[in-house]
Amino acid sequence: MTQDEAITVFVGLVMLLGVAGSIVPWFPDILLIWGAGLAYGLLVGWGAWGPWLFAMMTLTGLAALAAEIGLISAGARVGGASGWAIAAGVVLAVIGLIVLTPLGALAGLALGILLVEGWRRRNMRQALRATAGAMAGWGASFVVKFSLALWMVLLWGVWVTVG
């Protein structure tokens, strides 16, 4: 196995880890896939199609990140969450990610929205509806982000194949 082949196999495994990581909330999935593609270009070479395919990977990655943020926020808004509740959810999500695990981030998001909306509205049913909206938004963002992660890996596969 040549050095370029070994790098290609390693990059492919890292990308598959990124795709698998898209199942876990706030795992650096898209960034991992994008970084592996960048490493491949720098270490193995860009070839004729590499810059174009990597640019498409970059745009797809940005779309995936925007979808994650946008769909979660939209779901929370549809459920009736305020901007303050969403902000509190994001802060507790970051704390949950650091303190607990990636699943702690999802729990932190839900808890932040639930607490702020419960306090703001003094109505737990409405707070639960706002929280459910955020979780539905997260579910929608999962589907979109997972699909776009697969698309990024497919673009890289085309890059490897055509050079």
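Let us look at the structure shown here. (Residues numbered from 1 in each chain as written. Predicted model: local features only at pLDDT ≥ 70, side-chain atom pairs only at ≥ 80, totals over all residues. Heavy atoms only, no water.)

**What about the overall build of the protein chain?**
So, point 1. Secondary structure assignment for the protein chain yields 6 helices and 0 strands.
So, point 2. In the protein chain, the succession of helices and strands from N to C terminus is α-α-α-α-α-α.
So, point 3. Here the C-alpha coordinates of the protein chain stretch approximately 65 × 30 × 20 Å along the principal axes.
So, point 4. Out of the 163 residues in the protein chain, the part that is buried amounts to 39%.
So, point 5. Carbon together with sulfur atoms contributes 78% to the accessible area of the protein chain, which is approximately 8700 Å² in total.
So, point 6. If the 7 positive side-chain charges of the protein chain are averaged to one point and the 5 negative ones to another, these points end up 31 Å apart. (Helix = DSSP H or I, 4+ residues; strand = E, 2+ residues; numbered from the N terminus. Buried < 20%, exposed > 50% of the residue type's maximum accessible area, 1.4 Å probe, protein only. Areas by Shrake-Rupley, 256 points an atom, 1.4 Å probe, with all protein chains shown as cover. Lys, Arg positive; Asp, Glu negative; His and termini not counted. Charge placed at Lys NZ, Arg CZ, Asp CG, Glu CD.)

**Regarding the side chain of E117**
So, point 1. When you line up the elements, E117 lands in helix α5 (residues 102–121).
So, point 2. You can call E117 buried: its relative accessible area is 0%.
So, point 3. Engagement of the side chain of E117 in a polar contact is seen with the side chain of R120, the distance being 3.1 Å.
So, point 4. When neighbours within four sequence positions are excluded, E117 is seen to be in contact with G80, A81, S82, A85, R122, A127 and A130. (Polar contact = N/O pair within 3.5 Å; in protein donor to acceptor, adjacent residues only side chain to side chain. Contact = heavy atoms within 4.5 Å.)

**Topic: a nonpolar patch on the surface**
So, point 1. On the surface, V90, V91, V94, I95, L97, I98, V99 and L100 cluster together to form a nonpolar patch covering roughly 740 Å² of accessible area.
So, point 2. You can see I98 is positioned in helix α4 (residues 83–99).
So, point 3. Given the relative accessible area of 67%, I98 is considered exposed. (Patch = residues over 30% accessible without salt bridge, like charges linked within 9 Å, V, L, I, M, F, W, Y side chains within 5 Å. Salt bridge = Lys/Arg side-chain N within 4 Å of Asp/Glu carboxyl O.)

**Things to note about the packing of aromatic side chains**
So, point 1. One pass over the structure, following the stated rule, counts 8 aromatic pairs.
So, point 2. Ring geometry for F54 and W159: centres 6.2 Å apart, planes at 55 degrees, overall tilted. On the criterion of sequence distance, the pair formed by F54 in helix α3 (residues 50–78) and W159 in helix α6 (residues 124–162) is long-range, its members being 105 residues apart. Each member of the pair F54 and W159 is classed as buried. (Phe/Tyr/Trp six-rings, centres within 6.5 Å; stacked < 30°, edge-to-face > 60°.)

**Digging into unusual backbone geometry**
So, point 1. At R122, a residue that is not glycine, the phi angle is positive and equals roughly 55 degrees.
So, point 2. Here R122 lies in the loop between α5 and α6.

**Some points on the nonpolar core**
So, point 1. Core analysis: the largest hydrophobic core is formed by 19 residues, its most contacted members being V11, M15, I33, M57, W156 and W159.
So, point 2. Every element with two or more residues in this core is listed here: α1 (3–21), α2 (29–43), α3 and α6.
So, point 3. Per element, the largest residue contribution to this core is 6 residues, and it comes from α6.
So, point 4. The contact partners of W159, leaving out residues within four places of it in the chain, are G37, Y40, G41, G45, W46, G50, L53, F54 and M57.
So, point 5. By size, the runner-up hydrophobic cluster in this structure holds 13 residues, among which are A76, A93, I113 and A134. (Core = buried A, V, L, I, M, F, W, Y, C linked by side-chain atoms within 4.5 Å.)

All quantities given are derived from atomic positions and should not be read as evidence of function.
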